[in-house]
Amino acid sequence: MKKILIPILILLISCSDKKSEPKKTATELDKNWTDFSTKDSIPELLTLTLKKVLNDDFKIANPNEEFNRTDVIINDSAPRRQLRLLSRKNSLWRITYVQGGIGEHYVYAECKITNDSISDFKISQSLLRLENNDSIDKYLADKKLEPKKVKIIMK
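**So, the packing of aromatic side chains**
Stage number 1. The full count for this structure, using the stated rule, is 2 aromatic pairs.
Stage number 2. Aromatic pair Phe36 and Trp93: ring centres 5.3 Å apart, planes at 20°, arrangement stacked. Separated by 57 residues along the polypeptide, Phe36 in strand β1 (residues 34–36) and Trp93 in strand β3 (residues 92–99) bring together distant segments of the chain.
Stage number 3. Residue class for Phe36 comes out partly exposed when judged on its relative accessible area of 27%.
Stage number 4. When the centroid spacing of 5.6 Å and the interplanar angle of 70° are considered together, the rings of Phe58 and Tyr97 count as edge-to-face. Residue Phe58 is located in the loop between α3 (44–54) and β2 (81–89), and its partner Tyr97 is located in strand β3; the two are separated by 39 residues in the primary sequence. For the residue pair Phe58 and Tyr97, the accessibility class agrees, reading buried in each case.

Below, the structure is given as structure tokens:
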């Protein structure tokens, strides 16, 4: 019996000395962005808003799909935009895409989506490479990216 108890005691003592990793609190988890990788993940309210603001059908390709990158239209059915980033943190959504045509550039938009409503919609065009949340956060903090608020009136 003693032969069994001694290894168990040693195991218990060694386990109790190990420090457990701190668990992330809810506020720490709220600081993280969740990334999505397909155009099908774009919330319908955001798509409708972009259609309204841009005054077009907002056709967009997935990140790995071809799109009309230049003003020379090779494939008329291909979109002129390519999704580069779609992220959500709590109710805040971000989208960036490459806009093809003369002067290819990035478009950045952000908004809050809560239940069935969209608010605080902002949009900006940029020559900066807007491919991830870290660089976007830095550009926003450094005022190199300054999205303009757009009033949305849905009919």
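**As for helix α4 (residues 133–141)**
Turn by turn, an α-helix covers 3.6 residues, leaving residues three or four places apart pointing in a common direction.
Stage number 1. For α4, every residue scored as buried is listed here: Asn133, Ser135, Ile136 and Tyr139. One side of α4 holds all its buried residues, which, seen down the axis, span an arc of 160°. Residues of α4 that are exposed and angled more than 90 degrees away from the buried face: Asp134, Lys138 and Ala141.
Stage number 2. Elements that come into contact with the buried residues of α4 comprise β1, β2, β3 and β4 (105–114).
Stage number 3. Regarding α4, its N-cap is Asn132, as a side-chain oxygen of that residue lies 3.1 Å from the backbone nitrogen of Asp134 further along.

**Topic: the environment of His105**
Stage number 1. Checked against the element boundaries, His105 lands in strand β4.
Stage number 2. Taking relative accessible area as the criterion, His105 reaches 15% and is therefore assigned buried.
Stage number 3. His105 sits 21 residues away from Ser126 along the chain, and the two C-alpha atoms are 5.9 Å apart.
Stage number 4. His105 has contacts with Tyr97, Val98, Gln99, Gln125, Ser126 and Leu127, leaving out every residue within four places of it along the chain.
Stage number 5. Within the structure, His105 has its side chain in polar contact with the side chain of Gln125 (distance 3.5 Å).

**Examining the pairing of strand β5 (residues 117–126)**
Stage number 1. Two strands pair when backbone bridges link them, and β4 and β5 are joined in this way by 8 bridges, in the antiparallel orientation. Residue pairing across strands places Thr114 opposite Ser117, the latter belonging to β5.
Stage number 2. Where β4 hands over to β5, the hairpin turn is made up of 2 residues, of which Asn115 adopts a positive phi near 55°.
Stage number 3. The pairing of β5 with strand β6 (residues 148–149) spans 2 bridges and is classified as antiparallel. Directly across from Lys122, in β6, lies its bridge partner Lys149.

**Describing the pattern of salt bridges**
In a structure, side chains of opposite charge can pair up when their charged atoms sit close to one another.
Stage number 1. A full pass over the atoms with the stated rule returns 8 salt bridges.
Stage number 2. The partner of Arg94 in a salt bridge is Asp137, and the shortest N-O contact between them spans 2.6 Å. With Arg94 in strand β3 and Asp137 in helix α4, this residue pair connects regions lying 43 residues apart in the sequence.
Stage number 3. Taking relative accessible area as the criterion, Arg94 reaches 4% and is therefore assigned buried.

**Some points on unusual backbone geometry**
Stage number 1. One non-glycine residue, Asn55, adopts positive backbone phi at about 60°.
Stage number 2. Its location among the elements puts Asn55 in the loop between α3 and β2.
Stage number 3. Residue Asp120 is not a glycine yet carries a positive backbone phi of 50°.
Stage number 4. Looking at the secondary structure, you find Asp120 in strand β5.

What counts, and at which threshold
Residues numbered from 1 in each chain as written. Predicted model: local features only at pLDDT ≥ 70, side-chain atom pairs only at ≥ 80, totals over all residues. Heavy atoms only, no water. Phe/Tyr/Trp six-rings, centres within 6.5 Å; stacked < 30°, edge-to-face > 60°. Helix = DSSP H or I, 4+ residues; strand = E, 2+ residues; numbered from the N terminus. Buried < 20%, exposed > 50% of the residue type's maximum accessible area, 1.4 Å probe, protein only. Arc of directions from axis to C-beta. Contact = heavy atoms within 4.5 Å. Polar contact = N/O pair within 3.5 Å; in protein donor to acceptor, adjacent residues only side chain to side chain. Pairing = 2+ DSSP bridges. Salt bridge = Lys/Arg side-chain N within 4 Å of Asp/Glu carboxyl O.

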